Amino acid sequence: MPRFLALTSRGLGGALHSELHELGFKKLEMGGPNVSFEGSWKEGYRAHLQSRVANRILLPILDFQAYNAEDLYSAIFKKHDFTKYITPEQTLAIEAHVFEHRELRDQRFVAQKVKDAIVDQFRKKFDRRPDVDAKNPDLQVVVRVNRTEISVAIDLTGEPLSFRGYRQQAGEAPLRETMAAGLVEISDWNRSQPMIDPMCGSGTLLIEAALKARGGLIPRKSPFLFQRLLNFDGSAFAKAQAEAANAAQPIQDLKLYGFDKDPKVIAFARANAKRAGVESIIHFEVKNIEKLQRPEGLMMGTLICNPPYAVRLGQEKETERLWEDLAHTLKTQFQGWSCWLLSGNKDVSSALHLKTDRKVPVYNGPMECRFLHYNIR
Ligand SMILES: C[S@@+](CC[C@H](N)C(=O)[O-])C[C@H]1O[C@@H](n2cnc3c(N)ncnc32)[C@H](O)[C@@H]1O
């Protein structure tokens with residue numbers, strides 16, 4: 001039975017684990033932000049179709065020790081048959097990550113050695129070899145060097161899973177779709193409660209919440225890389241697609257609300273939600289946080305938001321004032337609500353003067369952030 005490795009952003013490993021568990025994947029093991037699971041190829045395909053938090057899924061194929069370039073070359077050449085994945089007429093690329101090694105320090109050198117060993121296998125068998133295409137390969141081999149430990153995997157995904165295709169327009173600093181899905185997973189929101197994003201930008205958090213509630217197939221723009229491999233099992237893929245589609249739940253009873261002061265981004269958010277197929281359950285409206293009132297009749301629910309926190313020179317006071325306005329609205333309008341705010345800047349979030357119940361460290365791209373939880377009393 002193959003073991004697959006799902007990757008996500010740092011800080012979202014727990015969210016990915018709980019999502020995969022909920023989706024019924026088995027024998028889960030967590031290592032940092034990555035979660036592995038065991039299952040048939042159908043399960044490997046299904047993870048691509050249903051996981052919202054995973055950004056990429058690999059098939060680990062080799063783990064060995066190498067003290068030098070010769071060890072690396074000979075293990076790749078002898079220990080695994082790469083000719084089962086592509087024909088000599090297809091293309092390949094090597095992605096190397098070197099963390100620490102006395103001799104194998106240069107990523108390009110490692111990639112070169114691995115490529116040499118793989119193309120020599122093809123030459124030996126067919127007298128022909130695949131070309132390298134760094135931008136659009138059919139076979140992408142991922143090599144990780146950490147001291148003398150070498151691990152080799154096949155990238156099954158290709159274009160990252162965060163590229164769902166629904167977000168064609170966005171304002172400033174939109175969240176990556178998989179990041180937004182991870183934050184929704186960390187929050188205590190469930191589909192029986194209303195959700196509000198008071199500074200929703202292009203609507204990513206609300207759209208990802210709606211996709212979680214709906215389940216079923218996650219939108220995807222381009223084919224997966226595994227579809228180009230010789231060992232691709234079309235009937236297992238069709239079964240995975242049918243299984244994923246059948247898991248979709250009705251969502252008409254959901255209540256999600258997005259507000260933003262900028263009419264342009266509200267128009268983007270509406271168009272994005274439409275492309276994601278969830279526009280009927282998200283109410284978007286232009287509104288400044290100062291004027292925001294809790295929608296009538298909603299006594300309890302989840303508020304989730306990533307307010308602007310990047311402080312440009314000379315704008316410290318302005319950003320702090322915005323967080324003060326946010327605190328005022330939370331205290332006066334959202335008593336009894338569970339509120340989650342993403343902050344990459346301690347100085348601005350302390351302008352809230354509210355006591356956090358939880359601080360979850362997450363990374364928004366390279367930036368270390370905190371996902372802060374407040375129970376507004
Ligand atoms: C970091 S962006 C949110 C990005 C969003 N999560 C996404 O994925 O597209 C912050 C948003 O806050 C909005 N904003 C800034 N000041 C505001 C205010 N006073 N009232 C309401 N919205 C505001 C901005 O227009 C911007 O869209």
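Now for the site of the ligand. Neighbouring the ligand are 18 residues; Leu175, Ser202, Thr204, Asp260 and Asn306 lie closest to it. Within the backbone of Leu175, one N or O atom sits 2.9 Å away from an oxygen atom of the ligand. Between an oxygen atom of the ligand and a side-chain N or O atom of Asp260, the distance comes to 2.6 Å. The protein chains hide 91% of the 610 Å² of surface that the ligand would expose on its own. Looking at the shell around the ligand residue by residue, the class counts come to eight nonpolar, five polar and five charged.

Below, the discussion takes up unusual backbone geometry. The residue Asp127 is not glycine, and still its phi comes out positive at about 65 degrees. Topologically, Asp127 is positioned in the loop between α4 (107–126) and β6 (131–132). When its relative accessible area of 71% is taken as the criterion, Asp127 is described as exposed.

Along the polypeptide, Asn364 turns up in strand β14 (residues 358–364). There is a polar contact of 3.1 Å between the side chain of Asn364 and the side chain of Tyr309.

Let us now look at the sheet that holds strand β12 (residues 302–305). Across the sheet, seven strands lie side by side as β11-β10-β9-β12-β13-β15-β14; this open sheet has mixed pairing. The open sheet is flanked by β11 (282–286) and β14, the only strands paired with a single partner. Ignoring which end each strand starts from, the neighbouring axes of this sheet average 20 degrees apart. By the bridge criterion, two bridges tie strand β9 (residues 195–197) to β12 in an arrangement that is parallel. For Met195, the partnering residue across the bridge sits in β12 and is Thr302. Taken strand by strand, helix α5 (residues 177–186) contacts β12, β13 (338–343), β14 and β15 (367–375), and its axis lies near 170 degrees from that of β14.

Enumeration over the complete set of coordinates arrives at 17 aromatic pairs. One aromatic cluster is present, formed by Phe4, Phe25, Phe37, Trp41, Tyr45, Phe224, Phe226, Phe232 and Phe237 through successive ring pairs. Here the basic side chain of Arg10 rests over the ring of Tyr363, its NZ or CZ set 3.7 Å away from the ring centre. Over the face of the ring belonging to Phe25 we find Arg46, whose NZ or CZ atom lies 4.1 Å from the ring centre.

For the pair helix α3 (residues 69–79) and α4, interaxial distance at closest approach is 9 Å and the crossing angle is 35 degrees. α3 and α4 meet at a crossing whose hand is right-handed. Across the interface between the two elements, Ala69, Leu72, Tyr73, Ile76 and Phe77 from α3 touch Phe109, Val110, Lys113, Val114, Asp116, Ala117, Ile118, Asp120, Gln121 and Lys124 from α4. For the contact of α3 with α4, the class distribution of residues is ten nonpolar, one polar and four charged.

On to the pairing of β11, then. In terms of strand pairing, strand β10 (residues 256–260) meets β11 through five bridges, oriented parallel. By the bridge assignment, Asp260 is partnered in β11 with Val286. Taken together, β10, helix α8 (residues 263–276) and β11 form a β-α-β motif whose crossover is right-handed.

Mapped onto the secondary structure, Thr178 falls in helix α5. Since its relative accessible area comes to 0%, Thr178 is described here as buried. In this structure, the C-alpha to C-alpha distance between Thr178 and Leu229, residues 51 residues apart in sequence, is 25 Å. When sequence neighbours within four positions are dropped, the list of residues in contact with Thr178 reads Leu12, Arg52, Val53, Ala54, Asn55, Leu161, Ser162 and Arg164.

A general feature of soluble globular proteins is that nonpolar side chains tend to end up buried together. Membership of the largest hydrophobic core comes to 116 residues, with the highest contact counts inside it found for Ile76, Phe82, Ile154, Val278, Ile282 and Val362. If sequence neighbours within four positions are ignored, Ile76 has contacts with Leu62, Phe64, Phe82, Val114, Ala117, Ile118, Gln121 and Val152.

Further remarks concern the packing of helix α6 (residues 204–214) against α8. Between two packed helices, what matters for the description is the angle formed by their axes and the separation of those axes. As a packed pair, α6 and α8 sit with axes 10 Å apart at the nearest point and diverge in direction by 20 degrees. Compared by their axis directions, α6 and α8 come out roughly parallel. In the packing of α6 onto α8, the handedness of the crossing is right-handed. Residues Ile207, Leu211 and Arg214 of α6 form the contact with α8, whose own contacting residues are Ala269, Asn272, Ala273 and Ala276.

Glancing now at α6. Counting buried residues in α6 gives ten out of eleven residues, a clear majority hidden from the surface. By the burial criterion, the buried members of α6 are Thr204, Leu205, Leu206, Ile207, Glu208, Ala209, Ala210, Leu211, Ala213 and Arg214. Positioned one or two residues after α6, Gly215 has a phi angle of 65 degrees, which is positive.

What counts and what doesn't
Residues numbered from 1 in each chain as written. Predicted model: local features only at pLDDT ≥ 70, side-chain atom pairs only at ≥ 80, totals over all residues. Heavy atoms only, no water. Near = heavy atom within 4 Å. Polar contact = N/O pair within 3.5 Å; in protein donor to acceptor, adjacent residues only side chain to side chain. Areas by Shrake-Rupley, 256 points an atom, 1.4 Å probe, with all protein chains shown as cover. Nonpolar A, V, L, I, M, F, W, Y, C, P; charged D, E, K, R; others polar. Helix = DSSP H or I, 4+ residues; strand = E, 2+ residues; numbered from the N terminus. Buried < 20%, exposed > 50% of the residue type's maximum accessible area, 1.4 Å probe, protein only. Pairing = 2+ DSSP bridges. Axes fitted to C-alpha atoms, helices over the stretch in contact; angles between N-to-C directions. Contact = heavy atoms within 4.5 Å. Phe/Tyr/Trp six-rings, centres within 6.5 Å; stacked < 30°, edge-to-face > 60°. Lys NZ or Arg CZ within 6 Å of the ring centre and 35° of its normal. Left-handed = near helix turned anticlockwise from the far one by under 90°. Right-handed = clockwise from strand over helix to strand, strands pointing away. Core = buried A, V, L, I, M, F, W, Y, C linked by side-chain atoms within 4.5 Å. Parallel < 35°, antiparallel > 145°, perpendicular 65-115°, else oblique.

The values are spatial; any link to function lies outside them.
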